[in-house]
Amino acid sequence: MPNHSRRAPASPHDAPPLAPAGAPGTAPETAPDGRPLRRETSGTSGLPAWRRNLRWTLLLLSLWAALTFLPAWFARDLPYTVLGWPLSFWMAAYGAPLAYLFIVVVYARVMNRGDDAWDE
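All figures in this text were calculated on a predicted structure; none of them were measured in a lab.

(A) Just the overall build of the protein chain, in detail. A tally of helices and strands in the protein chain yields two helices and two strands. Starting at the N terminus and walking to the C terminus, you meet the elements of the protein chain as α-β-β-α. Pairs at least 24 apart in sequence give 51% of the contacts found in the protein chain among residues at least 6 apart. When the accessible surface of the protein chain is summed, it comes to about 10,500 Å², and 66% of that surface belongs to carbon and sulfur atoms.

(B) Local environment of the packing of aromatic side chains. Within the structure shown, the criterion is met by one aromatic pair. Seen in terms of ring centroids, Trp64 and Phe69 are 6.4 Å apart; in terms of plane orientation they differ by 80 degrees. Their pairing is edge-to-face. Taking relative accessible area as the criterion, Trp64 reaches 39% and is therefore assigned partly exposed. What makes Phe69 exposed here is its relative accessible area of 54%.

(C) Just the UniProt feature "transmembrane region" (unreviewed entry) in the protein chain, in detail. The UniProt feature table records "transmembrane region" (unreviewed entry) at residues 56-75 and 87-108. Taken as a whole, residues 56-75 contains 95% helix and 0% strand, while its terminal C-alpha atoms sit 28 Å from one another. Helix makes up 100% of residues 87-108 and strand 0%. Its end C-alpha atoms lie 30 Å apart.

(D) A look at the nonpolar core. Core analysis: the biggest nonpolar cluster contains five residues, these being Leu60, Ile103, Val106, Val110 and Met111. Take this core: its biggest share by element is four residues, from helix α2 (residues 87-119). Those residues in contact with Ile103, other than ones at most four positions away along the chain, are Leu60, Leu63, Trp64 and Leu67.

Cut-offs and rules
- Residues numbered from 1 in each chain as written.
- Predicted model: local features only at pLDDT ≥ 70, side-chain atom pairs only at ≥ 80, totals over all residues.
- Heavy atoms only, no water.
- Helix = DSSP H or I, 4+ residues; strand = E, 2+ residues; numbered from the N terminus.
- Contact = heavy atoms within 4.5 Å.
- Areas by Shrake-Rupley, 256 points an atom, 1.4 Å probe, with all protein chains shown as cover.
- Phe/Tyr/Trp six-rings, centres within 6.5 Å; stacked < 30°, edge-to-face > 60°.
- Buried < 20%, exposed > 50% of the residue type's maximum accessible area, 1.4 Å probe, protein only.
- UniProt positions renumbered as here; feature names shortened; annotations may be inferred.
- Core = buried A, V, L, I, M, F, W, Y, C linked by side-chain atoms within 4.5 Å.

Written out as structure tokens, the structure is:
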């Protein structure tokens, strides 16, 4: 049988007082590495950062799609050879992975800068 002796406070005035910062059982004011914790003051404070992240993600995904499909579509028409192999082979074997690596590096740097700006 459930215990009905505990009930929620009827109003905010009936609620127990808040514990002081740093009291046992409360959230710490600093992260494990010593940095102060961020506190959100409103529900929309992270919206500009999220829009910036979304723009960068869409831009880099568009670049990825272009680097994946456009060279493959037009490479057959290139009459050039490099070391006896068609240029399309070199583009697929070396160019695309290097371009993907470049996209990952750009994404990581941009997101780290955004995180650093958000932490300040």
